[in-house]
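Structural overview for review
Residue strings, one per chain:
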Amino acid sequence: MAPVRFPPGWKDELGTEKLFKSMLGRVYTVRGFDKYGNVELEPKRLNTVWIEPEFLKLRPKKKAKKRKPD
């Protein structure tokens, strides 16, 4: 992973870098898309993240296990 770089004088007061690093390798449900085609994710209860689709990897939905009849 490449180091995160911010413009000179900019501070990550919102914890954006920490939030994105915590999302790596996890699975999220797509909540929607914005007008630019970015994917809307909700990684934490009070956070919404929009990210370009090329930075995501789709995972097939898991099949539901069939229950055996009694």
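Calculation notes
Residues numbered from 1 in each chain as written. Predicted model: local features only at pLDDT ≥ 70, side-chain atom pairs only at ≥ 80, totals over all residues. Heavy atoms only, no water. Patch = residues over 30% accessible without salt bridge, like charges linked within 9 Å, V, L, I, M, F, W, Y side chains within 5 Å. Areas by Shrake-Rupley, 256 points an atom, 1.4 Å probe, with all protein chains shown as cover. Salt bridge = Lys/Arg side-chain N within 4 Å of Asp/Glu carboxyl O. Helix = DSSP H or I, 4+ residues; strand = E, 2+ residues; numbered from the N terminus. Buried < 20%, exposed > 50% of the residue type's maximum accessible area, 1.4 Å probe, protein only. Pairing = 2+ DSSP bridges. Lys, Arg positive; Asp, Glu negative; His and termini not counted. Contact = heavy atoms within 4.5 Å. pLDDT = per-residue confidence, 0-100. Core = buried A, V, L, I, M, F, W, Y, C linked by side-chain atoms within 4.5 Å.

**Let's talk about a nonpolar patch on the surface**
Together, Val-4, Phe-6 and Trp-10 make up a nonpolar patch on the protein surface, roughly 260 Å² of accessible area in all. Relative to the helices and strands, Phe-6 is located in the segment before α1 (16-23). Of the residues examined, Phe-6 reaches a relative accessible area of 33% and is grouped as partly exposed.

**A word on the pairing of strand β3 (residues 47-51)**
Where strand β2 (residues 39-44) lies against β3, four bridges are found, and the strand directions are antiparallel. Opposite Leu-41, over in β3, you have Val-49 as the bridge partner. Counted between consecutive antiparallel strands, the loop separating β2 from β3 contains two residues.

**Some words on the side chain of Glu-40**
As for its position among the elements, Glu-40 is in strand β2. Although Glu-40 is buried, it makes no salt bridge; Arg-31 carries the closest opposite charge, 7.0 Å away. Those residues in contact with Glu-40 that lie beyond four places of it in its chain are Thr-29, Val-30, Arg-31, Gly-32, Thr-48, Val-49 and Trp-50.

**Here we look at the environment of Trp-50**
Mapping Trp-50 onto the fold places it in strand β3. Overall, the relative accessible area of 45% leaves Trp-50 in the partly exposed class. Distance from Trp-50 to Arg-31, taken between C-alpha atoms, is 9.8 Å for residues 19 residues apart in sequence.

**A closer look at the sheet that holds β3**
In spatial order, the strands read β1-β2-β3; together these three strands make up an open sheet with antiparallel pairing. Whereas interior strands pair on both sides, the edge strands pair on one side only; in this sheet they are β1 (32-33) and β3.

**Observations regarding the confidence of the model for the chain**
A residue-level look at the chain finds 96% of positions with pLDDT of 70 or above and a mean pLDDT of 84. Predicted confidence in the chain is weakest over α1, with a mean pLDDT of 85, and strongest over β1, with 94.

**Here we look at the nonpolar core**
In this structure, Leu-19, Met-23, Val-39, Leu-41, Val-49 and Ile-51 together form the largest nonpolar core, which totals six residues. If you list the elements that add at least two residues to this core, you get α1, β2 and β3. Apart from the residues within four sequence positions on either side, Ile-51 is in contact with Phe-20, Asn-38, Val-39, Leu-41 and Leu-56.

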